[in-house]
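Summary of structural features
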Amino acid sequence: MAKIEIQLSVDLSDSDIGDMCDAAETAILDGGGFGWLKPPPRALLERYWRGVLLVPERNLVVGRLDGRIAGLAQLVLPPRNNEAQSRIATITSNFVAPWARGMGMARGITATCERTARQHKMQFINLDVRETQEAAIQLYESLGYERWGTNPNYAIVKGRVVAGHYYTKPLGRGARKAAAHQESSPDTKAEKKS
Ligand SMILES: CC(C)(COP(=O)(O)OP(=O)(O)OC[C@H]1O[C@@H](n2cnc3c(N)ncnc32)[C@H](O)[C@@H]1OP(=O)(O)O)[C@@H](O)C(=O)NCCC(=O)NCCS
């Protein structure tokens, strides 16, 4: 049976970076990629991931399927100069390679982002998705994210203007009702075992 692990990544090997590039390329080609519409040159993608790891506010959460990284998300903490939003984090670039979907990886990755946000004393998580990203919309709504607005001019994909939905989730008591759903996430199960 496939083994899924979720990790807040600090040290990644060169082979991990290679897996991250592979996962990103397949997700972008599948049409559900974090901003990119076509895969950038491999070297650029590699530099992108290495850059993310260098930014202190960016917490990279990875999902492994049988040891290989197949899904990623970034929990972005507010910069130090932004006192007004010092308790508000953002989840961005959450994706799973097509070959690893439907196994609970994104649910686990999102739960780990939320737990990390709580550890940093965040009170809210904000995020946004294209209206066409139906799986992501289902995922976030099932986890208690509340849609508060829609931008009709959110993105342009293949010449077509696409709307985007904005979500927010309180991490205090308001988040409790989603906890039952998160109980089944792979990383939560792993925690219980350990
Ligand atoms: C959205 C995405 C990350 C889900 O990854 P995943 O690992 O397959 O998701 P999970 O297996 O953890 O599923 C969790 C929940 O997501 C929703 N979901 C996942 N795939 C779905 C699908 N094809 N259709 C509808 N809902 C879906 C369901 O609510 C599911 O819960 P359930 O299994 O209890 O029904 C993945 O489809 C993806 O990478 N999409 C393209 C990128 C994207 O849209 N990213 C988000 C914005 S940046």
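Every chain is numbered independently, its residues counted from 1 as its sequence is written. Restriction of local features to residues with pLDDT of at least 70 applies here, the model being predicted, together with a cutoff of 80 or more for giving and counting side-chain atom pairs; totals for whole chains, interfaces and linings are based on all residues.

In DSSP terms, a helix is any run of H or I states spanning at least four residues, a strand is any run of E spanning at least two, and both are numbered starting from the N terminus. On a plain count of helices and strands, the chain comes out with six helices and seven strands. Along the chain direction, N to C, the helices and strands of the chain fall in the order β-α-α-β-β-β-α-β-α-β-β-α-α. Any residue with 12 or fewer other C-beta atoms within 10 Å of its own C-beta is exposed, any with 20 or more is buried, and the rest are partly exposed; the C-beta atoms used are placed from the backbone. Relative to its 194 residues, the chain shows a buried fraction of 30%. The contacts in the chain between residues at least 6 apart in sequence include a share of 65% that link residues at least 24 apart. Throughout, a pair of residues is in contact if the C-beta atoms placed from their backbones lie within 7 Å.

What follows covers the confidence of the model for the chain. Scored from 0 to 100, pLDDT records how confident the predictor is in each individual residue. With 89% of its residues at a pLDDT of at least 70, the chain reaches an overall mean of 90. Across residues 188-194 the pLDDT falls below 50, and counting only partners more than four positions away or on other chains, this stretch makes four contacts in the model.

Quick look at helix α1 (residues 14-29) now. Take the residue count of a helix, subtract one, and multiply by 1.5 Å to get its expected span. In this model, α1 (16 residues) spans 23 Å end to end at C-alpha, consistent with the 22 Å of a helix rising 1.5 Å per residue. For α1, the elements touching its buried residues are α2 (42-54), β3 (68-76) and β4 (88-96). Of the residues one or two after α1, Gly 31 is the one with positive phi, at around 100°.

Sheet strands pair by backbone hydrogen bonding; their relative direction is either parallel or antiparallel. Spatially, β1-β2-β3-β4-β5-β7-β6 is the arrangement adopted by the seven strands of the open sheet, whose pairing is mixed. The sheet is open, and its two edges are formed by β1 (4-8) and β6 (146-157), each paired on a single side. Recorded for the sheet is a direction-independent mean angle of 25° between the axes of neighbouring strands. Sheet topology note: the β3/β4 ladder contains five bridges and is antiparallel. Note that in β4 the partner of Leu 72 across the bridge is Phe 95. Lines are fitted to the C-alpha atoms to define the axes, a helix being fitted only along its stretch in contact, and any angle between axes, read from their N-to-C directions, falls within 0 to 180 degrees. α1 rests against β3 and β4 of the sheet, and its axis sits at about 85° to β3. DSSP-based pairing: two strands are paired if at least 2 bridges between them are found.

Attention now goes to the site of the ligand. Proximity of a residue to a molecule or strand is defined by its backbone-placed C-beta atom lying within 6 Å of that partner. Near the ligand, the surroundings consist of 23 residues, among which Gly 32, Arg 101, Ala 106, Ala 135 and Leu 139 are the closest. In terms of residues, the shell around the ligand owes the most to one element, helix α4 (residues 134-142), which gives six residues. Here the shell around the ligand is built from residues that sort into eleven nonpolar, nine polar and three charged. Residues are sorted three ways: Asp, Glu, Lys and Arg are charged, Ala, Val, Leu, Ile, Met, Phe, Trp, Tyr, Cys and Pro are nonpolar, and all the rest, Gly among them, are polar.

Counting residues in each nonpolar core, the largest one holds 39 residues, and the members touching the most others are Ala 23, Val 61, Ala 70, Leu 72, Leu 75 and Met 105. Mapped by element, the contributors of at least two residues to this core are β1, α1, β2 (58-65), β3, β4, α3 (105-119), β5 (124-130) and α4. In terms of residues, this core owes the most to one element, β3, which gives six residues. When residues no more than four places from it in sequence are discounted, the contact partners of Ala 70 are Ala 23, Gly 63, Arg 64, Leu 65, Val 96, Ala 97, Ala 100 and Met 105. The nonpolar core is taken to be a set of buried Ala, Val, Leu, Ile, Met, Phe, Trp, Tyr and Cys residues joined by way of C-beta atoms within 7 Å.

A few words now on the environment of Gln 123. Looking at the secondary structure, you find Gln 123 in the loop between α3 and β5. Note: C-alpha distance between Gln 123 and Pro 170 (47 residues apart in sequence) is 5.8 Å.

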